[in-house]
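# Examining the three-dimensional arrangement
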Amino acid sequence: MTIHAEVIGDPIAQSKSPLMHSFWLEKLGIDGDYGRSHLATADLPAFFEKRRADPDWRGCNVTLPHKQSVMPLLDRIDPLAEAIGAVNTIVARDGLLIGHNTDAPGFLEPLRARLAERHLLRTGRILGTGGAARAIAHALWDEGFTLIIAGRDLAKAQDIAAAFKSTDTHVCTLDTFAQPLDFDWGEPGDRLDVVVNATSLGMTGQPPLPIDFSNLPPGAIVYDAIYAPLVTPLLAEAKERGHPTIDGLSMLIGQGRIAFEHFFGQRPPSDPDSEAELRARLVA
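Scoring rules and cut-offs
Residues numbered from 1 in each chain as written. Predicted model: local features only at pLDDT ≥ 70, side-chain atom pairs only at ≥ 80, totals over all residues. Heavy atoms only, no water. Helix = DSSP H or I, 4+ residues; strand = E, 2+ residues; numbered from the N terminus. Rg over C-alpha atoms; globule rule 2.2 N^0.38 Å. Buried < 20%, exposed > 50% of the residue type's maximum accessible area, 1.4 Å probe, protein only. Contact = heavy atoms within 4.5 Å. Areas by Shrake-Rupley, 256 points an atom, 1.4 Å probe, with all protein chains shown as cover. Lys, Arg positive; Asp, Glu negative; His and termini not counted. Charge placed at Lys NZ, Arg CZ, Asp CG, Glu CD. Pairing = 2+ DSSP bridges. 1 Å grid on protein atoms, 1.4 Å probe; cavity = no way out; pocket = protein on both sides within 12 Å on 5 of 7 lines; lining within 4 Å. Points joined across faces, edges and corners; volume = space filled by probe spheres on them. Nonpolar A, V, L, I, M, F, W, Y, C, P; charged D, E, K, R; others polar. Right-handed = clockwise from strand over helix to strand, strands pointing away. Arc of directions from axis to C-beta. Polar contact = N/O pair within 3.5 Å; in protein donor to acceptor, adjacent residues only side chain to side chain. Phe/Tyr/Trp six-rings, centres within 6.5 Å; stacked < 30°, edge-to-face > 60°.

### Quick word on the overall build of the protein chain
When its secondary structure is counted, the protein chain shows ten helices and twelve strands. Computed over C-alpha atoms, the radius of gyration of the protein chain comes to 19 Å, within 12% of the 19 Å expected from 2.2 N^0.38 for 284 residues, which places it in the range of a compact globule. Projecting the C-alpha coordinates of the protein chain onto the three principal axes gives extents of approximately 65 × 40 × 40 Å. By residue count, 49% of the 284 residues in the protein chain fall in the buried class. Expressed as a percentage of contacts within the protein chain between residues at least 6 apart in sequence, the contacts between residues at least 24 apart total 66%. A total accessible area of about 13100 Å² is found for the protein chain, and carbon and sulfur atoms account for 52% of it. Counting 26 positive and 37 negative side-chain charges, the protein chain places the averaged centre of each group 2 Å from the other.

### Structural notes on the sheet that holds strand 2 (residues 32-38)
Sheets are built from strands paired through backbone hydrogen bonds, the pairs being either parallel or antiparallel. The sheet built from six strands is open, its strands ordered 2-1-3-5-6-4 with mixed pairing. For this open sheet the edge positions go to strand 2 and strand 4 (76-77), each flanked by a neighbour on one side alone. As paired strands, strand 1 (residues 3-9) and strand 3 (residues 57-62) are joined by five bridges and run parallel to one another. Across the sheet, residue E6 finds its bridge partner in strand 3, namely C60.

### Here's the deal with the layout of surface pockets
Taken as a whole, the largest pocket encloses approximately 1000 Å³ of empty space. Lining the largest pocket are 30 residues; nearest its centre among them are T63, L64, K67, A225 and Y227. Within the residue set of the lining of the largest pocket, elements represented by two or more residues are strand 3, helix 6 (131-142) and helix 9 (248-264). The element contributing the most residues to the lining of the largest pocket is helix 9, with four residues. Grouping the amino acids of the lining of the largest pocket by side-chain chemistry returns 13 nonpolar, 13 polar and four charged. By volume, the second largest pocket amounts to about 220 Å³. Contributing to the lining of the second largest pocket are 18 residues, with G128, T129, G130, G131 and K156 lying nearest its centre. Put simply, the parts of the chain that give the lining of the second largest pocket at least two residues each are helix 6 and helix 7 (154-162). Broken down by element, the residue count for the lining of the second largest pocket peaks at three residues, all from helix 7. For the lining of the second largest pocket, a count of residues per class yields five nonpolar, nine polar and four charged.

### Brief notes about the pairing of strand 2
As paired elements, strand 1 and strand 2 share seven bridges and run parallel to each other. Note on strand 2: the bridge partner recorded for E6 is G35. Each parallel crossover has a hand, and the one from strand 1 via helix 1 (residues 17-28) to strand 2 is right-handed.

### Re helix 7
A157, I160 and A161 are the residues of helix 7 that are buried. Taken around the axis of helix 7, the buried residues stretch over an arc of 100°, which confines them to a single face. For helix 7, the elements touching its buried residues are helix 6, strand 8 (146-151) and strand 9 (169-173). Here helix 7 starts with a cap whose side-chain oxygen sits 2.9 Å from the backbone nitrogen of A155, and that cap is D153.

### Considerations on the environment of A81
Among the secondary structure elements, A81 is positioned in helix 3 (residues 79-84). As a C-alpha pair, A81 and N61 span 20 residues in sequence and 13 Å in three-dimensional space. When residues no more than four places from it in sequence are discounted, the contact partners of A81 are M71, A86, V87, G99, H100 and N101.

### Some remarks on the side chain of H243
Tracing the backbone through its elements, the reader meets H243 in the loop between helix 8 (233-240) and strand 12 (245-246). From its side chain, H243 meets the backbone oxygen of A220 in a polar contact 2.9 Å long.

### Focus: the packing of aromatic side chains
Overall, the coordinates contain nine aromatic pairs when judged by the stated rule. Here F183 and W185 contribute two aromatic rings whose centre-to-centre distance is 4.8 Å and whose plane-to-plane angle is 75°, an arrangement assigned as edge-to-face. A relative accessible area of 49% means that F183 is categorised as partly exposed. With relative accessibility at 22%, the residue W185 sits in the partly exposed group.

### Remarks on the side chain of R122
With respect to the helices and strands, the residue R122 is situated in strand 7 (residues 121-127). Separated by 3.0 Å, the side chains of R122 and H119 make a polar contact. At 2.7 Å, the side chain of R122 and the backbone oxygen of E143 are in polar contact. With residues near it in sequence (within four places) discarded, R122 still touches R114, L115, E117, E143, G144, F145, T146 and L192.

Keep in mind these numbers describe shape, not what the thing actually does.
Following this line, the structure appears as structure tokens:
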């Protein structure tokens, strides 16, 4: 039998994970397979019981709406996933099912060069309060960022902030960022600012994220977790204004690399040619 992994969710047809993992399997010459399974929440216990009995099954990625639902069905949960409260990668090891969250480290992948630098101040502005926002908040917090979390529902923003129990975490409503800010930011100095759209606003079929760029410090990196479209209205305007930008495929690929290594034991290629070829496939 061929070793295999998959992605589970409801719906699941839109997932790009099979394209991505199949590309890496091909590049590395691994005799493996990566598929998708459409599962309702009620199907999860029977699904895992069946997969536990398959010695060639290496695990699965988990997408909506199952990132919390799978947790009680696992034998062990990685501390980061426990803290975030969501699992997006399940690894089969020695008869055990182990839950991980690769969204947090995957989000950081395209920021690694900047994170290797020293800064007097690091500030992350996270727009959104869903599962992705929670993972991103933990990722930035662990890298020494002061956090500002903005949500349409202030209570949800407060809930994320409460996990850190610190005065270095602040909350506000999402519409705060839509209002002009009369503030002199001065020179960028020795600081690193990251502004992240972790909402669905700007996604194909959704209205754009309402944001007034006076709320963004000069030189702030604008990072959009959305990858459909690849260039959202937020990223287009940020680029016009001279901000460095990171698109949603970067996070998707970053978390996928970590999951792939868990499943198949090898790090996927990350050279520029392979990266360009993978991106071309994902947006085709």
